[in-house]
Amino acid sequence: MASLTSLSFSALTQCSDRKVSMLSSTRNLASNSECFRFRTSCSCRYMGVRASNSSSRLVVHCMSTTTDPPTVADTKSNFLKAYKRPIPSIYNTVLLELLVQQHLMRYKRTYRYDPVFALGFVTVYDQLMEGYPSDEDRKAIFQAYIKALQEEPEDYRADAQRLEDWARAQNASSLVEFSSKEGDVEGILKDISERASQGKFSYSRFFAVGLFRLIELANATEPTILEKLCTALNIDKRSVDRDLDVYRNLLSKLVQAKELLKEYVDREKKKIEERAESQKASEAVTKCVGDYQYAGY
């Protein structure tokens, strides 16, 4: 949304050699005769400058238009509109929390999509939704989630698969020596390392999970492998350690919650079966009494 600020100055311009002086008067802020108008928003599309022949007046017009980023409420609304079916609370609560976090990452000025980030999110999502009643719904929820963030679900899945395939062919040594090799994924990691060294990389928890997944698939069990990989990527290992702890705690809580949910579902299923058996027995007794009465006994 473009904003308009109008400032008017009395200007006195005197030119002698290389000296220019300008005096402003606050008494004429509302004056229409001598003015400086400036219109701006988040990005500038064009600018026009017009100077009159008079040495006492300078008029500058700057206009720009842009679209404001969506709010968290907009993103959540887009998700709920795209997937209208109810989601069990054990999944829905965590999904919406992740969506809010990812929204804040997505619309940071320094955000830039990268495949390691995608691998991290796909890993978290698949772990979260493991055991979901319907595979079809699980895929539909993924589509709705990513599209709510104005990104492409197919890119996330394709890039995650590409990195997984690459990591399976690596070992501890080759994983951290990507900078000396050529290849598609190696190029991605080099780009991340370069941007991180320049302070232009937007780190996130999903990126940390993506790194962990690469190490896991490469079967790199050396205790120092994570530190070496973080050093090669110019990423702060302390941040990665912290976020991996959060990820592990989330998985642990999810496992416990799913176990409780399974126990609840089993109990309810058993109650339904018991009620059905009781209903059948009651119907049998009723039928038997009816037959007895019909026989005239």
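Scoring rules and cut-offs
- Residues numbered from 1 in each chain as written.
- Predicted model: local features only at pLDDT ≥ 70, side-chain atom pairs only at ≥ 80, totals over all residues.
- Heavy atoms only, no water.
- Helix = DSSP H or I, 4+ residues; strand = E, 2+ residues; numbered from the N terminus.
- Buried < 20%, exposed > 50% of the residue type's maximum accessible area, 1.4 Å probe, protein only.
- Contact = heavy atoms within 4.5 Å.
- Core = buried A, V, L, I, M, F, W, Y, C linked by side-chain atoms within 4.5 Å.
- Expected span 1.5 Å × (residues − 1).
- Polar contact = N/O pair within 3.5 Å; in protein donor to acceptor, adjacent residues only side chain to side chain.
- Phe/Tyr/Trp six-rings, centres within 6.5 Å; stacked < 30°, edge-to-face > 60°.
- Salt bridge = Lys/Arg side-chain N within 4 Å of Asp/Glu carboxyl O.
- Axes fitted to C-alpha atoms, helices over the stretch in contact; angles between N-to-C directions.
- Left-handed = near helix turned anticlockwise from the far one by under 90°.
- Nonpolar A, V, L, I, M, F, W, Y, C, P; charged D, E, K, R; others polar.

A.B. asks: Looking at this structure, I do not really get the environment of Val122. What am I missing?
C.D. replies: Here Val122 lies in helix α3 (residues 115–128). Under the relative-accessibility criterion, Val122 is labelled buried at 3%. Beyond its immediate sequence surroundings of up to four residues, Val122 is in contact with Phe142, Tyr156, Arg157 and Ala160.

A.B. asks: Sorry, what's going on with the nonpolar core here?
C.D. replies: A general trend in soluble globular proteins is that nonpolar side chains are found buried together. In this structure, Phe79, Ile141, Tyr145, Tyr156, Leu211 and Leu233 are the most contacted members of the largest nonpolar core, which totals 65 residues. With nine residues, α3 is the largest single contributor of residues to this core. For Leu211, the contacting residues outside a window of four places in its chain are Val116, Leu229, Cys230, Leu233 and Val240.

A.B. asks: What should I look at first to understand helix α2 (residues 89–106) in this one?
C.D. replies: The end-to-end C-alpha distance of α2 is 25 Å, a good match for the 26 Å that 18 residues give at a rise of 1.5 Å each. Every buried residue of α2 is listed here: Ile90, Tyr91, Val94, Leu95, Leu96, Leu98, Leu99, Gln102, His103, Met105 and Arg106.

A.B. asks: Would you mind going over the side chain of Glu151 with me for this structure?
C.D. replies: Within the element layout of this structure, Glu151 appears in the loop between α4 (135–148) and α5 (153–168). Exposure remark for Glu151: the relative accessible area of 10% places this residue in the buried category. At 2.7 Å, the side chain of Glu151 forms a polar contact with the side chain of Tyr111. Not counting residues up to four positions away in its chain, the partners in contact with Glu151 are Arg106, Tyr111, Tyr113, Ile146 and Tyr156.

A.B. asks: Explain the packing of aromatic side chains to me, please; I cannot follow it from the model alone.
C.D. replies: How two aromatic rings sit relative to each other is given by the distance of their centres and the angle of their planes. Scanning the model with the defined rule gives 14 aromatic pairs in all. The interplanar angle of 90° and the centroid separation of 5.6 Å between the aromatic rings of Phe117 and Phe206 together place this pair among those described as edge-to-face. Highlighted residues: Phe117 in helix α3 and Phe206 in helix α8 (residues 205–217), separated in sequence by 89 residues. Overall, the relative accessible area of 5% leaves Phe117 in the buried class.

A.B. asks: Looking at this model, I keep getting lost on unusual backbone geometry. Mind explaining?
C.D. replies: With the exception of glycine, most residues fall at negative phi, and the peptide bonds are largely trans. Its identity as a non-glycine residue notwithstanding, Gln150 has a phi of 60°, on the positive side. Within the secondary structure, Gln150 sits in the loop between α4 and α5. The backbone of Asn219 shows a phi angle near 55°, a positive value even though the residue is not glycine. When you line up the elements, Asn219 lands in the loop between α8 and α9 (225–233).

A.B. asks: Before we go on, may I ask you to explain the pattern of salt bridges in this structure?
C.D. replies: One pass over the full model with this rule turns up 19 salt bridges. The partner of Arg85 in a salt bridge is Asp137, and the shortest N-O contact between them spans 3.1 Å. Residue Arg85 is found in the loop between α1 (72–82) and α2, and its partner Asp137 is found in helix α4; the two are separated by 52 residues along the sequence. Using a relative accessible area of 12% as the deciding quantity, one classes Asp137 as buried. Linking Lys237 and Asp241 is a salt bridge whose minimum nitrogen-to-oxygen distance equals 2.6 Å. Taken together, the residues Lys237 and Asp241, both in helix α10 (residues 237–294) and four residues apart, mark about one turn of the helix. On the basis of relative accessibility, which here comes to 27%, the residue Asp241 falls in the partly exposed class.

A.B. asks: Looking at this structure, I do not really get the packing of α5 against α8. What am I missing?
C.D. replies: Describing two packed helices takes the angle between their axes plus the distance from one axis to the other. The geometry of α5 relative to α8 is characterised by a closest axis approach of 7 Å and an angle of 40° between their N-to-C directions. Crossing angle aside, the handedness with which α5 passes α8 is right-handed. Here Leu163, Glu164, Trp166, Ala167 and Arg168 of α5 come into contact with α8, specifically with Arg213, Leu214 and Leu217. The residue inventory of the contact of α5 with α8, partitioned by class, reads five nonpolar, no polar and three charged.

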